[in-house]
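Below, each chain spelled out in residue letters.
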Amino acid sequence: MNKNELSIDEKTRQRLYERYRSIDGRVMRRLMEAGLIWLRTNQEVVNALNVFPVPDGDTGTNMVLTMQAAWDEIATLGERSIGKIARAIAHGALMGARGNSGVILSQLWRGFARALDDHPNMDAGLFVKALSEARDTAYKGVVRPVEGTILTVSSDAAKAAEKAFSNGADSSLEILQIVVTAADESVQRTPELLPILKEAGVVDSGGIGLYYIFEGMLRAAYRQPLDQALAAVQPLSALSLDHATESVEPGQDWEVVIDFRPYGVLDIQTYCEQLQSIGTSIQVGEGDGMYRMHIHVPDKKEYEPIECTRTMGTITNIAIENLLVQMEDKSSHGEMWQVRLPYVEPDQIAVVTVAPGFGIARVFASLGAAAIVEGGQTMNPSTQEILNAIENLPTDKVILLPNNKNIILAAQQAADFTLKDVTVIPAVSIPQGVSAMLYLEPDGELSKVIENMRTAIGEVQSGELTVATRSVEIDDVAVQEGQVIGLLNGKLAVSGNDLSESLIEMLKMSDADHAELITMYYGEDLSIMHANKITDIVRERWPNLEVELVEGGQPHYQIIFSVE
């Protein structure tokens, strides 16, 4: 937090402390909206805090979408009771939760609302109680809580609030001020608690996301602006523009992307301030001295970002797209996902699975999946989307395959919300999900099928290859931005300058010499010709193995492979 920016004179502070001594539902509604706005303003800052240098940071996006779902529940409510407002916020967050960070955030809201119950107002003491209940509920919702995460930040904030109240703090705003400071300090300590963060040189993304929510509320109370993001430039390869149209702001009609080389040292703060007066959804990436800027603007403003950028540097490329047309194209793409799924009888076992690409969806459908939820990296499905897939099936026997570690909590939350017999198999990769599907017996004994699937996901080696978004050294693997990197069973394993060479190295590490089958799913960024060439290299290296090439269509990862 910029301490100077939020500093106010003592007389004004005391006057605001008195005004916010007790908070009702209408004030809570305004504060919650402010938390959402400030989190959205800094969404890309949160997204950039990946531990691994992979181009799929989505913690900020998941938390924003979770908060947006919560806001949608109360946007038109004129309710004065803070208990009822909090209950609606919690319900919206629970149903809209995406990713592990979003699910934990929804649990924080759930505990917060439970403490407020039917109270009409919230004083300092009740605020402290709500923060403590929020922390306890979130910790209980995670099977193996990890310190140095959003959980730790929530705990430190609650402890600071308890201490402040015991020392005489009697205004809800004073408690909030102390919570913001405590959350800020807690975020800075996360690398000391979680070694992988320290090794990667980042703080916890979920923790800082929670801090922005608290800070946004405080900024609103202090009447500070909420639309000025912290000046930050991410690596060019980390810009996630493919999914920038998933949430288009009302009144924004055009998407503008500009490549340029600055005349000298770019004053990013001034540049961003000028852009914020023009549009929203601003992203700026840099690589090899070239910058790329992305923005959404209203009709008749599509050329203003160009004129603004001309004052900063030499423009090398411009792309202007109609957002409404893009959304229509996205809708058409969704129709392609209508793969042929098997019919399920009311007493049969059905599998709901998550797939990140059309090709992978077809594989799951061919193996008998009864429902497929589109999702994966950067597009984690919400609890509600997973729940809808479960409820739309005619059977009560359902097995759920999330196929991504960041979807497991949302899957478990969806399972808790249905009366059906739903079991989540904790598959964390596409190969694990495919391996589990091989043991599906629709008319079999449910417990036996579940047991076989759990065993199957532990018997397959899974690898992913992509391009590094920043330079870092993790697990003794030195990575330079722009290099090919490989993750083996979720751990950074190799880095190199050639995709096929990196794949061969990873296959060696997967003990391919003693395997029987290698399956490779090529992504949307890899041509069929290139994929076939790489497959030939693998077959030449292991001529006695069966090597399968499958069109996966997944984003970000050029190749996902399994070794069995």
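Everything below is about the structure shown above.
Below: a short report on this structure. Not measured: the values here are computed from a predicted model. (Residues numbered from 1 in each chain as written. Predicted model: local features only at pLDDT ≥ 70, side-chain atom pairs only at ≥ 80, totals over all residues. Heavy atoms only, no water.)

### Let's talk about the pairing of strand β10 (residues 397-401)
Across the 5 residues of β10, 4 count as buried, placing the element largely inside the fold. Where strand β8 (residues 349-355) and β10 come together, 5 bridges link them in parallel fashion. Paired with Ala350 across the two strands is Val398, which belongs to β10. Of the pairings in the sheet, the one linking β10 to strand β11 (residues 421-424) comprises 4 bridges and is parallel in character. Within β11, the position partnered with Lys397 by the bridge is Asp421. Handedness of the β10-helix α17 (residues 408-416)-β11 crossover: right-handed. (Buried < 20%, exposed > 50% of the residue type's maximum accessible area, 1.4 Å probe, protein only. Helix = DSSP H or I, 4+ residues; strand = E, 2+ residues; numbered from the N terminus. Pairing = 2+ DSSP bridges. Right-handed = clockwise from strand over helix to strand, strands pointing away.)

### Looking at the sheet that holds strand β15 (residues 484-488)
With mixed pairing, 6 strands are arranged side by side in an open sheet as β16-β15-β12-β19-β17-β18. Two strands close off the open sheet at either side, each with one partner strand: β16 (491-496) and β18 (546-551). Strand after strand, the sheet turns through a mean of 20 degrees between neighbouring axes, direction not considered. The sheet contacts of helix α15 (residues 358-366) involve β17 (517-522) and β18, and relative to β18 the element is tilted by about 120 degrees. With respect to the sheet, helix α20 (residues 499-509) is in contact with β12 (461-467), β15, β16, β17 and β19 (559-563), its orientation differing from that of β16 by roughly 140 degrees. (Axes fitted to C-alpha atoms, helices over the stretch in contact; angles between N-to-C directions. Contact = heavy atoms within 4.5 Å.)

### Quick word on the state of the cysteines
Under the definition given, this model contains 0 disulfides. This cysteine, Cys272, is not joined by any disulfide, and Cys308 carries the nearest cysteine sulfur, 9.5 Å off. Under the relative-accessibility criterion, Cys272 is labelled buried at 10%. (Disulfide = S-S within 2.5 Å.)

### Some details on the packing of helix α16 (residues 383-391) against α17
It is at 8 Å that the axes of α16 and α17 come closest, and there the two elements cross at 50 degrees. In this view, α16 runs oblique relative to α17, as classed from their interaxial angle. Along this stretch, α16 crosses α17, giving a crossing that reads as right-handed. Contacts from Thr383, Ile386, Leu387 and Ile390 in α16 reach Ala410, Ala411, Gln413 and Ala414 in α17. Here the contact of α16 with α17 is composed, by residue class, of 6 nonpolar, 2 polar and no charged. (Parallel < 35°, antiparallel > 145°, perpendicular 65-115°, else oblique. Left-handed = near helix turned anticlockwise from the far one by under 90°. Nonpolar A, V, L, I, M, F, W, Y, C, P; charged D, E, K, R; others polar.)

### Observations regarding unusual backbone geometry
In the Ramachandran plot, Arg223 falls in the positive-phi region, its phi being about 60 degrees despite a non-glycine side chain. Mapped onto the secondary structure, Arg223 falls in the loop between α11 (205-221) and β3 (234-235). Take Arg223: its relative accessible area is 61%, and that puts it in the exposed class. In the Ramachandran plot, Asn489 falls in the positive-phi region, its phi being about 50 degrees despite a non-glycine side chain. Counting through the fold element by element, Asn489 comes out in the loop between β15 and β16. Exposure remark for Asn489: the relative accessible area of 42% places this residue in the partly exposed category.

### Structural notes on the packing of aromatic side chains
A full pass over the atoms with the stated rule returns 5 aromatic pairs. Aromatic pair Phe112 and Phe127: ring centres 6.2 Å apart, planes at 85 degrees, arrangement edge-to-face. With a gap of 15 residues between them, Phe112 in helix α6 (residues 99-116) and Phe127 in helix α7 (residues 124-140) connect regions that are remote in the sequence. On the accessibility criterion, Phe112 (8% relative accessible area) is buried. Each ring, one from Phe260 and one from Tyr271, has its centre 5.5 Å from the other, and the planes form 65 degrees; the classification is edge-to-face. Of this pair, Phe260 sits in strand β4 (residues 254-262) while Tyr271 sits in helix α12 (residues 268-276), and the two are 11 residues apart along the sequence. Classification of Phe260 as buried rests on a relative accessible area of 0%. Each member of the aromatic cluster is reached from another via a ring pair, and the members are Trp109, Phe112 and Phe127. Across from the ring centre of Trp542, 4.5 Å away, lies the NZ or CZ of Arg541, which sits over that ring. (Phe/Tyr/Trp six-rings, centres within 6.5 Å; stacked < 30°, edge-to-face > 60°. Lys NZ or Arg CZ within 6 Å of the ring centre and 35° of its normal.)

### Overview of the pairing of β18
Walk down a regular strand and you will see the side chains alternate between the two sheet faces. Direction of pairing for β17 relative to β18: parallel, over a ladder of 6 bridges. Pairing of Thr519 across the sheet is with Glu548, part of β18. With helix α21 (residues 528-541) bridging β17 and its parallel neighbour β18, the resulting β-α-β unit is right-handed.

### What to know about the sheet that holds β11
The sheet built from 4 strands is open, its strands ordered β9-β8-β10-β11 with parallel pairing. The open sheet is flanked by β9 (371-374) and β11, the only strands paired with a single partner. On average, adjacent strands in this sheet sit at an angle of 20 degrees to one another, irrespective of strand direction.

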